[in-house]
Structure formats: C-alpha cells, structure tokens
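Below, each chain spelled out in residue letters.
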Amino acid sequence: MCYFLELLPMSDGVAEQVKKFLFKSRSNRPGENEVESLEIFIPEQLQASYSFYTWPAAPVLAWFLWEHRRELQGKHIVELGSGTALPGIVAAKCGAAVTLTDSASLPKSLQHVKRCCEVNGLLPSQVRVLGLTWGLFLGNIFTLGPVDLILGSDCFYDPSVFEDIIVTVAFLLEKNPQARFLCTYQERSADWSIEHLLHKWRLQCEHIPLNNLGAESGIDITELMHGHTIHLLEITRV
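Only a predicted model underlies this, so the values are computations on that prediction, with no experimental measurement involved.

A. Examining the pattern of salt bridges more closely. Counting across every chain of the model gives 8 salt bridges. Measuring nitrogen to oxygen at the nearest pair gives 2.7 Å for the salt bridge that ties Arg180 to Glu234. You can see Arg180 sitting in strand E8 (residues 180–186) and its partner Glu234 sitting in strand E10 (residues 230–237), a full 54 residues away along the chain. By relative accessible area, Glu234 is classed as buried at 18%. Put simply, Glu36, Arg69 and Arg70 are held in one network by salt bridges that share partners.

B. Quick peek at the sheet that holds strand E9 (residues 203–207). Strand order in the open sheet formed by 7 strands is E6-E5-E4-E7-E8-E10-E9, and the pairing between neighbours is mixed. Only two strands of the sheet have a single neighbouring strand rather than two, namely strand E6 (127–131) and E9. Put simply, the sheet's adjacent strands are angled 20° from each other on average, direction ignored. Relative to the sheet, helix H1 (residues 57–67) contacts strand E7 (149–153), E8 and E10, its axis offset from that of E8 by approximately 140°. Of the strands in this sheet, strand E5 (97–102) and E6 are in contact with helix H3 (residues 107–119), which crosses E6 at around 170°.

C. Molecular detail of the nonpolar core. Ranked by size, the top nonpolar core spans 44 residues in total, and within it Phe23, Ile40 and Val90 carry the most contacts. Broken down by element, this core gets its largest block of residues, 8 residues, from H1. In this view, Phe23 contacts Glu36, Ser37, Leu38, Ile40, Ala62, Trp63, Trp66, Leu86 and Val90; residues no more than four positions away in its chain are not counted. If you look at the next biggest cluster of nonpolar residues, it comprises 30 residues, including Phe162, Leu173, Phe181 and Leu233.

D. Local environment of unusual backbone geometry. The phi dihedral of Ala85 is positive, around 65°, even though this residue is not glycine. Relative to the assigned elements, Ala85 resides in the loop between strand E4 (76–80) and helix H2 (86–93). We classify Ala85 as buried; its relative accessible area is 1%. In this structure, Asp154 is a non-glycine residue whose phi angle is positive, near 55°.

E. Broad picture of the layout of surface pockets. The space that makes up the largest pocket amounts to roughly 430 Å³. Lining the largest pocket are 24 residues; nearest its centre among them are Tyr50, Gly81, Trp134, Asp154 and Tyr157. Partitioned by chemical class, the residues of the lining of the largest pocket number 11 nonpolar, 10 polar and 3 charged. Roughly 300 Å³ of volume is contained in the second largest pocket. Forming the boundary of the second largest pocket are 16 residues, of which Tyr185, Trp192, Ser193, Ile194 and Leu233 lie nearest the centre.

Conventions adopted
Starting from 1, residues in each chain are numbered consecutively following that chain's sequence as written. In keeping with the predicted nature of the model, local features appear solely for residues at pLDDT of at least 70, side-chain atom pairs appear and are counted solely at 80 or more, and the whole-chain, interface and lining totals rest on all residues. In computing side-chain properties, one takes all heavy atoms of the structure into account and sets aside hydrogens as well as water. Each salt bridge in this description consists of a side-chain nitrogen of Lys or Arg and a carboxyl oxygen of Asp or Glu lying within 4 Å of one another. To qualify as a helix, a DSSP run of H or I must reach at least 4 residues; to qualify as a strand, a run of E must reach at least 2; elements of each kind are numbered from the N terminus. Only protein chains enter the accessibility calculation, which uses a 1.4 Å probe; a residue whose area is less than 20% of its type maximum is buried, one above 50% is exposed, and one in between is partly exposed. Following DSSP output, two strands are said to pair if at least two bridges run between them. What counts as an axis is a line fitted to C-alpha atoms, over the stretch in contact for a helix, and the angles between N-to-C directions run from 0 to 180 degrees. Contacts were defined at the residue level, with two residues in contact if any of their heavy atoms lie within 4.5 Å. Buried residues of nine kinds, namely Ala, Val, Leu, Ile, Met, Phe, Trp, Tyr and Cys, make up a nonpolar core once their side-chain atoms join them within 4.5 Å. Each cavity reported here is a set of points on a 1 Å grid over the protein atoms alone in which a 1.4 Å probe fits but cannot get out, each pocket an open set with protein on both sides within 12 Å along at least five of seven lines, and each lining residue one with an atom within 4 Å of a point. Grid points are joined across faces, edges and corners, and a volume is the space filled by probe spheres set on the points. Here the term charged refers only to Asp, Glu, Lys and Arg, the term nonpolar to Ala, Val, Leu, Ile, Met, Phe, Trp, Tyr, Cys and Pro, and the term polar to all other amino acids, Gly among them.

Structure follows, in structure tokens:
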C-alpha cells in the first residue's frame, strides 16, 4: 500500500488533506495472472477531532478485507465508529452492501463519512450512513436489517467505551448469530483488556495472525502499522 498527501483549502477555513490508498494483488482466479488494483481517496481535516483522521488500524483492516474481497460480494456489512471509513469503503468497492455508522451525537462526523463516500464515487444505493451511538439502542440500530459482517478499526481506544462497544456488538450478533465482528486495534496499554467483557456478554474472541498480510503484494506489514502494535480480532457468539 502507498499513499500521497494533497492539501486542499476548505470553504470554512479548515485545511484538508487527501490521502490515496492503493491496494494491489494478483488475481487469485484460476488461469488468470492479472494484477488487480483499487484506489481509495480519503479526505482528512487537519486540526480536527480524531474521527476526521485515518488511524493506522484502519489500513490494516482494509488490507485484510482487500485480500478476502471475493468473500464480500453481496454481503451486508456494518462498520462501527467509521471515522473516515476506509475499511467500509473498500468493502463497498469490492461488492458489499455497506452501512457506515458513527455517533449519532456527532453530525459533523457523519457528514464527513458521507463526504468520504462521495469522493470515492459511492452512491447512497451502495452505502448507507447512519448515526449509531455505542451502548444506546435508539431507532437507527433497529433499521439495519440482516447483517453478515461487522467491522471496527481502533474502536478500543479508551477503556471507558469498551463495554458500550461490546454491548452493541453483542446485540447485533444476537440478532445475526451467523455474523462476526472483525476489528483491528492499536495496543496502547498492556493493562487494557476486553476479556472479562466478552465473558460477561457471552462472546468469544480469536486473534487472527497478521504476519503474512500484504506479503503477496510486497507490502511490509510493519510499515503499514507505522511502528505501532496492531491486532486483528474476530469476535463471535459463544
């Protein structure tokens, strides 16, 4: 994966940078030797809140989805705490029906999610943007319908929100027992754990190895993580 930055002036005076994420790999279809590629453009606002920035965990999850893109076609995918929505946009470009969510109390964040979709040419028929606040069961969460896969990148950034996230995931998995929650998170403290919350809400967790992520495309996973320790978890019902 590679990216470049371009600075653009905004009408409200806030500087914006646009990152280009390039995903490439050889076709895994029998008899084909072509290189497949996907470009995603993500606008970010400088000196804004954390939801307007693409954190290192998001490209890691996006690359995992890209390498499993054949499994995404026709699936309904929900991304929690989308922020700049890189993983969800990759999933949509790979043929999934995607619902991107962020806190219902952050209208500017939701508007930015929509802008990220528009920059990548995604129509409302391909991607839906909803306000969904972790731990609160308001109207929007009941409009999601059947869900095949839940995504989250760097949602576990503060222990004060851990149970709100887990409760939301547990609710969605109870409604969709066949679904799973794929999430990447940046390790910030060895003392932070969600194990007791998973047990409390009858969920189980498996670590997915990232050693070979991007290897076939010549991607150095350590560069992708920008020096951070990032984990990929698959959470399902017990």
